[in-house]
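# Breakdown of the fold
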Amino acid sequence: MSATQTVQLMDGTSLAKRLVKEAAVKAAEISQRTGAAPCLATVLVGEDPASVTYVRMKRARCAKAGIKSRHIGLPATTTAAELIDTLAGLSGDPKVHGILLQHPCGPHIDERAAFEAIAPEKDVDGVTMHSFAAMSFGLPGFVSCTPGGIMRLLEAYDVDLAGKHAVVVGRSAILGKPVGMLLLAKDATVTYCHSRTADLSRIIQEADVVVAAVGRPRLIRGEDIKPGAVVIDAGYNPGNVGDVDFDTALTRARLITPVPGGVGPMTIAVLLAQTVNAAANQLGIQHH
Ligand SMILES: Nc1nc2c(c(=O)[nH]1)N[C@@H](CN(C=O)c1ccc(C(=O)N[C@@H](CCC(=O)O)C(=O)O)cc1)CN2
């Protein structure tokens, strides 16, 4: 970055508001034409306080956008088979257009098996293997919500990814892996880093775009960042602390997402947008 170039914040709150407004317009059109509002089923196993908050935020934003939500709260003792039964039931229910299974479900549950019980056409959270394959091949389909939100932010701030080196720190099924696939589909050269990566700092220093998605508070510091890089902080840690040490990263980055107000609101906006699209598809509506 030159001495005169200043860092710009990537404002997820404003962009998310715009997306939610668009979703609300489409939801109203669907309701008017079919007499039924789009409906998202939210499924939560146990009462992890952060998960309770996230589900509450998702349902509140649905309500604002004219999307119905049906909440299924299951006890922490729910077995994998019971959870799969619940998800299969929602998958077959014509009144439900989208299904969200809040992650994490608890250590005794095979989360992959649970996600696969969600019908692909209702996978508005982009967590099934079907959706992952579509993301990997650059085909239309539902994207994982945080990765989808990150891609929308990069687009909104005119970040050209072709030929750029993108380093993804983290390899989770709903965040690190799919965001790497979406970046690859935009012709970035993608490196995945994880807990066994040797010399993490050196690899991050080579990145034009850094996506921090590891869940380790302030792991990535300013000195790790190449001057002029784009820094996306997708870390969710207690107390609204990201994976990036914001104050030191500010001194090096060209563009950076704040926490809060960056990737988080975009996650929910993409969920709503995809719920409305799922409802339109299932109800045979074409948007104007
Ligand atoms: N099934 C899923 N589970 C989880 C996902 C997901 O996308 N699908 N993502 C995360 C958590 N998450 C949504 O579930 C999430 C986290 C944070 C935010 C958000 O908007 N954060 C705000 C701050 C919130 C506050 O003020 O308390 C922000 O960053 O500005 C939204 C969604 C794990 N599980």
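Cut-offs and rules
- Residues numbered from 1 in each chain as written.
- Predicted model: local features only at pLDDT ≥ 70, side-chain atom pairs only at ≥ 80, totals over all residues.
- UniProt positions renumbered as here; feature names shortened; annotations may be inferred.
- Helix = DSSP H or I, 4+ residues; strand = E, 2+ residues; numbered from the N terminus.
- Rg over C-alpha atoms; globule rule 2.2 N^0.38 Å.
- Buried ≥ 20, exposed ≤ 12 C-beta atoms within 10 Å, placed from the backbone.
- Pairing = 2+ DSSP bridges.
- Contact = placed C-beta atoms within 7 Å.
- Axes fitted to C-alpha atoms, helices over the stretch in contact; angles between N-to-C directions.
- Expected span 1.5 Å × (residues − 1).
- Parallel < 35°, antiparallel > 145°, perpendicular 65-115°, else oblique.
- Left-handed = near helix turned anticlockwise from the far one by under 90°.
- Nonpolar A, V, L, I, M, F, W, Y, C, P; charged D, E, K, R; others polar.
- Domains from an automatic or database assignment.

You'll find the chain entered in an unreviewed UniProt entry as Bifunctional protein FolD, with Streptomyces griseoruber given as the organism. Looking at the Function (unreviewed entry) heading of the UniProt record, one finds this comment for the chain: "Catalyzes the oxidation of 5,10-methylenetetrahydrofolate to 5,10-methenyltetrahydrofolate and then the hydrolysis of 5,10-methenyltetrahydrofolate to 10-formyltetrahydrofolate."

To continue, consider the overall build of the chain. Scanning the chain from N- to C-terminus turns up ten helices and nine strands. On C-alpha atoms alone, the chain measures out to a radius of gyration of 19 Å, which is about the 19 Å that the 2.2 N^0.38 rule sets for 288 residues. Over its C-alpha atoms, taken along the principal directions, the chain stretches across nearly 60 × 45 × 35 Å. Burial status across the chain gives 45% buried among its 288 residues.

Further remarks concern the sheet that holds strand S5 (residues 165-169). An order of S1-S9-S8-S7-S5-S6 is seen for the six strands of this open sheet, with the pairing classed as parallel. The sheet is open, and its two edges are formed by strand S1 (8-9) and strand S6 (189-193), each paired on a single side. As paired strands, strand S7 (residues 209-212) and strand S8 (residues 230-233) are joined by four bridges and run parallel to one another. If you follow Ala-212 over to S8, its bridge partner there is Asp-233. Each of S5, S6 and S7 touches helix H7 (residues 176-185); the most contacted strand, S6, lies at about 170° to it.

UniProt's feature table lists "binding site: NADP(+)" (unreviewed entry) at Gly-170, Arg-171 and Ser-172, given in the numbering used throughout. When sequence neighbours within four positions are dropped, the list of residues in contact with Arg-171 reads Gly-176, Lys-177, Tyr-192 and His-194. Positionally, Ser-172 belongs in the loop between S5 and H7. The residues touching Ser-172, leaving out its near neighbours within four places in the chain, are Lys-177 and Ala-213.

Right, let's get into the UniProt feature "domain: Tetrahydrofolate dehydrogenase/cyclohydrolase NAD(P)-binding" (unreviewed entry) in the chain. As recorded in UniProt, the sites labelled "domain: Tetrahydrofolate dehydrogenase/cyclohydrolase NAD(P)-binding" (unreviewed entry) are residues 144-282. Secondary structure within residues 144-282 divides into 37% helix and 14% strand; the distance between the first and last C-alpha atoms comes to 20 Å.

The next point concerns the environment of Ile-220. With respect to the helices and strands, Ile-220 occurs in the loop between S7 and S8. Among the residues examined, Ile-220 registers 26 C-beta atoms within 10 Å and is labelled buried. Residues Ile-220 and Phe-246, spaced 26 residues apart in sequence, show a C-alpha to C-alpha distance of 8.8 Å. Ignoring sequence-local partners within four residues, the contact set of Ile-220 consists of Val-169, Ile-204, Val-210, Ala-212, Asp-243, Val-244, Asp-245 and Ala-249.

Across the sheet, three strands lie side by side as S3-S2-S4; this open sheet has parallel pairing. The open sheet has two edge strands with one neighbour each: strand S3 (68-74) and strand S4 (98-101). The average angle at which neighbouring strand axes cross in this sheet is 15°, direction not considered. Across four bridges, the pairing between strand S2 (residues 39-45) and S4 is parallel. Within S4, the position partnered with Ala-41 by the bridge is Ile-99.

The first and last C-alpha atoms of helix H1 (residues 12-34) sit 32 Å apart over 23 residues, in line with the 33 Å expected at 1.5 Å per residue. Within the span of H1, buried status applies to Gly-12, Leu-15, Ala-16, Leu-19, Val-20, Ala-23, Lys-26, Ala-27 and Ile-30. Considering only its buried residues, H1 is in contact with helix H2 (49-64), helix H6 (145-156) and helix H10 (263-283). Of the residues one or two after H1, Gly-35 is the one with positive phi, at around 80°.

So, on to the packing of H2 against H10. Put simply, H2 and H10 touch, their axes get as near as 10 Å, and they point 50° apart. Between H2 and H10, the interaxial angle falls into the category oblique. The two elements H2 and H10 meet at a crossing, and its hand is right-handed. Contact residues: Met-57, Lys-58, Arg-61 and Cys-62 in H2; Ile-268, Leu-271 and Leu-272 in H10. A class-by-class count of the residues in the contact of H2 with H10 yields five nonpolar, no polar and two charged.

Right, let's get into the domain arrangement of the chain. Its domain assignment divides the chain into domain 1 (35-119) and domain 2 (144-264). Between the C-alpha centres of domain 1 and domain 2 there is a distance of 28 Å.

Here we take up the packing of helix H5 (residues 129-137) against H7. Two measures define how a pair of helices packs: the angle their axes make with one another and the distance between the axes. It is the contact of H5 with H7, at a shortest axis distance of 7 Å, that shows an interaxial angle of 30°. Considering their axes alone, H5 and H7 lie roughly parallel with respect to each other. Of the residues in H7, those in contact with Phe-132, Met-135 and Ser-136 of H5 are Pro-178, Met-181 and Leu-182. Each residue belonging to the contact of H5 with H7 can be placed in one class, and the counts come to five nonpolar, one polar and no charged.

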